[in-house]
Amino acid sequence: MTQTYAALLRGINVSGHRKVPMAELRSLLEGLGHGSVRTHLQSGNAVFTAGAGASEEELTAALEDAIEDRFGFRVDCLVRDGAYLAAVADACPFPAAELEGKQLHALYFSGPPDAGRFAAIDQEAYRPEAFALGDRVLYLYVPEGLGRSRLGEVVSRPSLSEGLVVTARNWNTVLKLVELTREG
């Protein structure tokens, strides 16, 4: 039996740096024995099937090692199964259906973030922007988009997520990955 996963690569294909062509990423995932490999956008989103016995951590480590072997640099990755991605979308505390994709983001964490660190942020000072923590995710509402967000800068500080890999996706990508992982 197989399970469908999404791989979220952090910080690739930005301004010509750390280039990982999507065709090569698909080939690499197939070389790892994964099936039904597809990519979404150029920013490091891939969907694939793997044996149901594989853990997200094992799949992540194998992908990171394979990328380093193929491209000569290390890329932080997160691998999440389709059920988790759907649960993240379903648990969104913001009115996602009423918002543009650029107004809502999910920051995925490799493990549970330290809620105490985020509790120290005075959210009132950043209104109407807001965030909420979920299961290994931070939901970020930024009405003017992430590029203009003061709160986005604050919640992205390395000190808040020390020891964790973090990668962000806008809500359009969140929903597309849910869709692709449901298709299998």
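The model shown is predicted, which means the values in this text are computed figures rather than measured ones.

Draft legend 1. Expanded view of the overall build of the protein chain. For the protein chain, the helix and strand inventory stands at six helices and eight strands. When its helices and strands are written in sequence order, the protein chain yields β-α-β-β-α-β-α-β-α-β-β-α-β-α. Taking 2.2 N^0.38 as the reference for a compact globule, 184 residues should give roughly 16 Å; the C-alpha atoms of the protein chain span a radius of gyration of 16 Å, in line with that estimate. Expressed as lengths along the three principal axes of its C-alpha atoms, the size of the protein chain is roughly 50 × 30 × 30 Å. Within the span of the protein chain, comprising 184 residues, buried residues form 49% of the whole. Summarising the internal contacts of the protein chain: among those between residues at least 6 apart in sequence, 71% fall at separations of at least 24. For the protein chain, the computed accessible surface area is about 8,900 Å², with 48% contributed by carbon and sulfur atoms.

Draft legend 2. Summary view of unusual backbone geometry. In this structure, Pro128 follows Arg127 across a cis peptide bond, with omega equal to 15 degrees. Position of Pro128 among the secondary structure elements: in the loop between α4 (115-119) and β6 (130-134). The phi angle at Ser36 is positive, at roughly 45 degrees, despite the residue not being glycine. Within the fold, Ser36 resides in strand β2 (residues 35-40).

Draft legend 3. The arrangement of the packing of aromatic side chains in detail. Going through the model one piece at a time under the given rule, you end up with seven aromatic pairs. Relative to Tyr108, the ring of Tyr84 has its centre 6.4 Å away and its plane inclined at 55 degrees; by these criteria the two rings are tilted. Residue Tyr84 is found in helix α3 (residues 82-90), and its partner Tyr108 is found in strand β5 (residues 104-109); the two are separated by 24 residues along the sequence. According to the relative accessible area criterion, Tyr84 is buried, its value standing at 7%. Exposure remark for Tyr108: the relative accessible area of 0% places this residue in the buried category. Summarising the aromatic geometry, the rings of Phe109 and Phe118 are spaced 6.1 Å apart at their centres and angled 75 degrees between planes, so their arrangement reads as edge-to-face. A relative accessible area of 1% places Phe109 in the buried class. Here a set of aromatic residues connected by ring pairs shows up, and it is made of Phe109, Phe118 and Phe131.

Draft legend 4. Up close: the pattern of salt bridges. Going through the model one piece at a time under the given rule, you end up with nine salt bridges. The closest approach of N and O atoms between Glu68 and Arg74, which form a salt bridge, is 2.9 Å. On the basis of relative accessibility, which here comes to 35%, the residue Glu68 falls in the partly exposed class. By relative accessible area, which is 34% here, Arg74 ends up partly exposed. Glu179 is paired through a salt bridge with Lys176; the nearest N and O atoms lie 3.3 Å apart. Remark: Lys176 and Glu179 occur in helix α6 (residues 171-183); sequence separation between them is three residues, near one turn of the helix. Relative accessible area serves as the criterion here: at 37%, Glu179 is assigned to the partly exposed category. The class for Lys176 is partly exposed, based on a relative accessible area of 26%. In the salt-bridge network here, residues are joined through shared partners; they are Glu56, Arg80, Asp135 and Arg136.

Cut-offs applied
Residues numbered from 1 in each chain as written. Predicted model: local features only at pLDDT ≥ 70, side-chain atom pairs only at ≥ 80, totals over all residues. Heavy atoms only, no water. Helix = DSSP H or I, 4+ residues; strand = E, 2+ residues; numbered from the N terminus. Rg over C-alpha atoms; globule rule 2.2 N^0.38 Å. Buried < 20%, exposed > 50% of the residue type's maximum accessible area, 1.4 Å probe, protein only. Contact = heavy atoms within 4.5 Å. Areas by Shrake-Rupley, 256 points an atom, 1.4 Å probe, with all protein chains shown as cover. Phe/Tyr/Trp six-rings, centres within 6.5 Å; stacked < 30°, edge-to-face > 60°. Salt bridge = Lys/Arg side-chain N within 4 Å of Asp/Glu carboxyl O.

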